[in-house]
Each structure stands twice: as structure tokens, then as C-alpha cells.
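Below, each chain spelled out in residue letters.
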Amino acid sequence: MSDHEASRVLHVKGRVLVGPEEVRDELWAVGGRITYGRPPGADDAVTVTGWALPGLVDAHCHVGLDHHGAVDAATSEKQALDDREAGALLLRDAGSPADTRWIDDREDLPKIIRAGRHIARPRRYTRNYAWEIEPDELVAHVAREARRGDGWVKLVGDWIDREVGDLTALWPREEVGAAIAEAHRLGARVTAHCFAEDSLRDLVEAGIDCVEHATGLTEETIPLFAERGVAIVPTLVNIATFPSLARSGEAKFPRWSAHMRRLHERRYDTVRSAYDAGVPVFVGTDAGGVLAHGLVADEVAELVKAGIPALEALSATTWRARAWLGRPGLEEGAPADLVVYDEDPRADVRVLAGPRRVVLNGRVIG
């Protein structure tokens, strides 16, 4: 950082939402870091006014990935920029075959927490996405991705089995238990892609930390998730695609197609029941496979539509989400990553769709 950058001062004034109920009148950013004391150089500061939130979190997206597999650096940059423009400044990349470490050197791009590359069985996931291995290789590959990622590993928990004609679990209980234990030994948490019901109990009892999508939750498994504190990231903007997927596969896999429709039909009830039971719920879009990046506001609105209180849905992409991922919000000394709006997003989450200003590392960039 140059001397000029180290000394630059930004003044954010209006209403600074440090927490759901903690509101301050202003903050300052000096050298990209937050302070609540008036700093030297304040008289020459750039001033931004409005309602300020910590940079939004998309806790399930894929930078460096499209529906064909890994993409080039220019496409990865565009994906990250689209998230940035939407106010998503902290991304949990839930599996990507592309090397996006170069993004860490860019102060103008969102911060990424990577889960390495997906781990699946041969021919049991989208082509070109995952390491495709057999169960006896699972522990070794989980250890590899735990070292490659940023504290997360991503398993594919279920997918269509062409011989069965429906979604089935990928991993035997013993192997997945050993793999999760190895990840934890290495300091990493484990999450899994799961659409259906069958894999959930084994994964939770094996010690998994999070489940993506979780459309297969039932009244039998929801209490287990709540008891163990296993989080879910519902990705409702992605679940909205289930009917079209079902239509495309109906002729060849009618059982799978009907199953996908049932999962879609009960999606809101599933999420609300999980929330009511005390299951931690976080915002994620699943952008980067088929969906465009920059949909974080849409996903927050979907959680509200499912029946989660607006303030809780907002927290699931701000204060609570950052705490879950171990990253700071609008705290003294934290990176000045924040989004400013014209109105109070606590009153109406639709405000999130129109950021007035985006601030990353103390610099107004949008």
C-alpha cells in the first residue's frame, strides 16, 4: 500500500448498522480500516451518507465456474465484479476447479473463503466440476482439499443415480465419518451438497458442519440438525430451477423428476420449519454454475418469502453470516468493507437490491 493509500480517509455518516440494534451516527476509514474516533485528515475526507451495513455475504457461490466447468481469469473477474456491484463483499466459494488465488491480491474485488474443489463419486455429479473418486479415497482427498481451501471442504452428498433413476446418497457412513474427522483434525469445516432426504442423517451424525440446499429436510431430521447446530444454506434462487430441471429429465428419469418437483413444492415450508426449530440459516445463491452472480438481494427476499423474519434474513447475509464465517463486520480496526443504502434495510429487505455506494477496503468503488 502506498503512502497516499495508507493515509486516505473516508467518512461514512448517517446510520451505521454495527449490529441489528446497535446503530452509530458515523464511522471513519483510514488506510482501509474502520475507526470510530475522528482521525487526522478528517477535514479532507471523502464523505458518504446513508444507511450502512457490513458488506453482504453470499455463503454459497462459485467464482471460477460455469455450467461447463472451470472458466478463465477474465470470466472469474467478471463474476466477482458482479457480486461486488450487488454489495456482496464476502463470498464463500462452495467448490470450484479454478485457481482464483490471484483475487486475494486485488483490493478492488470481494474477499473469498474457498472450499477447494467438489468431491464426488465417478459419474455422480456435473461433468468437469469435481474430483471423482471412490469411497476408499475419500479421506485422502478431503485432507487435500482441507489444505487447499480456506477452512472448508465441499462434498457432494447426493446426486442422481442413473441405475436407480433417482437421487441417492454417494458415501457410505463409515467413510464419510472418517473423512469429516480428518477435515476437523486439519482445522477445516465440511459442507455437502444435498437435495434429497437419504444422506442427511448419516452426514449429520458423522459430524458435518453445514448442508447446502437441504431441500430434503423432514420432521425427522430437522431436530437432529438443530441439536447438532448444523447450518443450512438453502439457495432458494437455485431451487426455483427445479421445475425446469424436472421437465428436462422427465422422459428418461420420471421418478427423479417427480422427486424434484416435490422438493420444490415444499421448499418454503422446509426452510421455515428449519428456522423455527433453531437450525442456523444463511444466505447463498449458488451463482456460478448456471445462475448469474449478483443475486444476493434476491436470496434474502426469498428467505423472507419463506417466512423468516426480515431482520433475521438480513442478519443471515450480514452480522450473523460474518460471525459464522469468522470474519469481522463493522468493528474497530476491521477492513472497511460496507454497503450504503438510501433507506433502512431492516424495514424492507428489498432495499438491498439498490446499493447507493459500495465501499471495499475503505475505497468507494461503486
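Calculation criteria
- Residues numbered from 1 in each chain as written.
- Predicted model: local features only at pLDDT ≥ 70, side-chain atom pairs only at ≥ 80, totals over all residues.
- Heavy atoms only, no water.
- Helix = DSSP H or I, 4+ residues; strand = E, 2+ residues; numbered from the N terminus.
- Rg over C-alpha atoms; globule rule 2.2 N^0.38 Å.
- Contact = heavy atoms within 4.5 Å.
- Areas by Shrake-Rupley, 256 points an atom, 1.4 Å probe, with all protein chains shown as cover.
- Lys, Arg positive; Asp, Glu negative; His and termini not counted.
- Charge placed at Lys NZ, Arg CZ, Asp CG, Glu CD.
- Expected span 1.5 Å × (residues − 1).
- Buried < 20%, exposed > 50% of the residue type's maximum accessible area, 1.4 Å probe, protein only.
- Arc of directions from axis to C-beta.
- Salt bridge = Lys/Arg side-chain N within 4 Å of Asp/Glu carboxyl O.
- Pairing = 2+ DSSP bridges.
- Axes fitted to C-alpha atoms, helices over the stretch in contact; angles between N-to-C directions.
- Parallel < 35°, antiparallel > 145°, perpendicular 65-115°, else oblique.
- Nonpolar A, V, L, I, M, F, W, Y, C, P; charged D, E, K, R; others polar.
- Polar contact = N/O pair within 3.5 Å; in protein donor to acceptor, adjacent residues only side chain to side chain.
- Phe/Tyr/Trp six-rings, centres within 6.5 Å; stacked < 30°, edge-to-face > 60°.
- Lys NZ or Arg CZ within 6 Å of the ring centre and 35° of its normal.
- pLDDT = per-residue confidence, 0-100.

**Describing the overall build of the chain**
Within the chain, the secondary structure is distributed over 13 helices and 20 strands. Computed over its C-alpha atoms, the radius of gyration of the chain comes to 21 Å, within 12% of the 21 Å expected for a compact globule of 366 residues. C-alpha extents for the chain along the principal axes are approximately 70 × 40 × 35 Å. Within the chain, residue pairs in contact and separated by at least 24 positions form 66% of the contacts whose partners lie at least 6 positions apart. When the accessible surface of the chain is totalled, it reaches about 14,800 Å², and 48% of it is carbon and sulfur. Of the side chains in the chain, 45 bear a positive and 59 a negative charge, and the two mean positions are spaced by 1 Å.

**A word on helix α2 (residues 73–85)**
The terminal C-alpha atoms of α2 lie 18 Å apart, and with 13 residues this matches the ideal 18 Å at 1.5 Å per residue to within 8%. All buried positions along α2 are accounted for by S76, Q79, A80, D83 and R84. Buried residues of α2 fall within an arc of 140 degrees about the axis and therefore sit on the same side. The elements touched by buried residues of α2 are β5 (56–61), β6 (65–66), β8 (88–93) and β19 (357–360). G87 lies just past α2 and shows a positive phi near 95 degrees.

**Structural notes on the pattern of salt bridges**
A side chain with one charge can pair with a side chain of the opposite charge if their charged atoms come near. All told, the structure shown has 29 salt bridges when counted by the stated rule. A salt bridge links D276 to R272, with the shortest nitrogen-to-oxygen separation between them at 2.7 Å. With a gap of 4 residues between them, D276 and R272 both fall in helix α10 (residues 267–276), about one helical turn apart. For R272, a relative accessible area of 31% gives the class partly exposed.

**What to know about the sheet that holds strand β18 (residues 338–341)**
With respect to topology, 7 strands assemble into an open sheet ordered β3-β2-β1-β4-β18-β19-β20, the strand pairing being mixed. At either end of the open sheet lies a strand with only one pairing partner, and these are β3 (33–35) and β20 (363–364). Where strand β1 (residues 9–17) and strand β4 (residues 46–54) come together, 7 bridges link them in parallel fashion. Opposite K13, over in β4, you have T49 as the bridge partner.

**Remarks on the pairing of β8**
Within β8, 6 of the 6 residues are buried, which leaves it mostly tucked inside the rest of the structure. With 4 bridges joining them, β5 and β8 adopt parallel strand pairing. For V57, the partnering residue across the bridge sits in β8 and is L90.

**Describing the packing of helix α8 (residues 242–249) against helix α9 (residues 254–265)**
Contact geometry of α8 with α9 gives a least axis separation of 8 Å together with a crossing angle of 170 degrees. Classed by the angle they form, the pair α8 and α9 counts as roughly antiparallel. Within the contact between the two elements, α8 uses F242, P243, L245, A246, R247 and G249 and α9 uses P254, W256, S257, M260, R261, L263 and H264. Of the residues belonging to the contact of α8 with α9, the class tally is 8 nonpolar, 3 polar and 2 charged.

**Overview of the sheet that holds strand β9 (residues 111–114)**
In a beta sheet, neighbouring strands are held together by backbone hydrogen bonds and run either parallel or antiparallel to one another. Strands sit in the order β5-β8-β9 across an open sheet of 3 strands; the sheet is parallel. Pairing within the sheet leaves two strands with one partner each, and these edge strands are β5 and β9. The average undirected angle you get between the axes of adjacent strands in this sheet is 20 degrees. Contacting β5 and β8, α2 crosses the sheet at an angle of about 130 degrees to β8.

**So, the side chain of R114**
Secondary-structure assignment places R114 in strand β9. With relative accessibility at 7%, the residue R114 sits in the buried group. A polar contact is formed between the side chain of R114 and the backbone oxygen of T100, at a distance of 2.8 Å. Polar contacts involving the side chain of R114 include one to the side chain of D104, which spans 3.0 Å. Ignoring sequence-local partners within four residues, the contact set of R114 consists of D93, T100, R101, I103, D104, G149, D150, G151 and W152.

**Regarding the packing of aromatic side chains**
The tally for this structure, following the rule as stated, stands at 6 aromatic pairs. For the pair F195 and F242, a centre-to-centre distance of 4.8 Å together with 75 degrees between the ring planes defines the contact as edge-to-face. Residue F195 is located in the loop between β15 (189–194) and α5 (200–205), and its partner F242 is located in helix α8; the two are separated by 47 residues in the primary sequence. Residue classification places F195 among the buried positions, given a relative accessible area of 7%. Pairwise contacts between aromatic rings join Y125, Y129, W159, F195 and F242 into one cluster. The positively charged end of R117 is found above the aromatic ring belonging to W131, 4.5 Å away from the centroid. Here the basic side chain of R144 rests over the ring of W131, its NZ or CZ set 4.3 Å away from the ring centre.

**A short note on the confidence of the model for the chain**
On average, the chain scores 96 in pLDDT, and the residues at 70 or more come to 98%. Ignoring residues within four places in sequence, the model shows residues 1–6, a span with pLDDT below 50, making 7 contacts including any to other chains.

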